[in-house]
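Residue-level listing of the chains:
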Amino acid sequence: NFVLWGGDIARMESTQVAQMIHARQYPCFCVLLPASLDEVRVIGAVQGEVHVDAAISLLAACFEEMESHRAEIVARSAQHVEDRNLREQQDRE
């Protein structure tokens, strides 16, 4: 899944996002992954004149990294559940 967001650089929120992702030219089309609640990681970007083919190529290239990131989250979540179940079982014994 992708979330597409656009912003006008004249607005404060857009300016803050542009600074956060280190946009150097506009328009800036980039793929972001949440690194934490307060931080995002840019995994790919096309800046300046953005052509459809470049945008599609960027999304395709970033898809694998996004899937890997998602798999890590799922594995971490499963490990937390397993650890909690083990602690509960040990508490009952």
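Description of the structure in this document. (Residues numbered from 1 in each chain as written. Predicted model: local features only at pLDDT ≥ 70, side-chain atom pairs only at ≥ 80, totals over all residues. Heavy atoms only, no water.)

Some points on the overall build of the chain
- Check the secondary structure of the chain and you find 2 helices and 2 strands.
- If you list the helices and strands of the chain from N to C, you get α-β-β-α.
- Along the first, second and third principal axes, the C-alpha set of the chain runs to 65 × 30 × 15 Å.
- Per-residue burial for the chain yields a buried fraction of 16% across its 93 residues.
- Contacts spanning at least 24 positions in sequence make up 28% of the contacts within the chain whose residues lie at least 6 apart.
- Summed over its atoms, the accessible surface of the chain is roughly 7700 Å², and 53% of this surface lies on carbon and sulfur atoms.
- Seen as two clouds, the 8 positive and the 15 negative side-chain charges of the chain have centres 4 Å apart. (Helix = DSSP H or I, 4+ residues; strand = E, 2+ residues; numbered from the N terminus. Buried < 20%, exposed > 50% of the residue type's maximum accessible area, 1.4 Å probe, protein only. Contact = heavy atoms within 4.5 Å. Areas by Shrake-Rupley, 256 points an atom, 1.4 Å probe, with all protein chains shown as cover. Lys, Arg positive; Asp, Glu negative; His and termini not counted. Charge placed at Lys NZ, Arg CZ, Asp CG, Glu CD.)

Looking at the side chain of Ser14
- On the secondary structure map, Ser14 appears in helix α1 (residues 12–20).
- The exposure class assigned to Ser14 is buried, which follows from its relative accessible area of 8%.
- For Ser14, the residues in contact, after removing those within four places along its chain, are Trp5, Gly7, Asp8 and Ile9.

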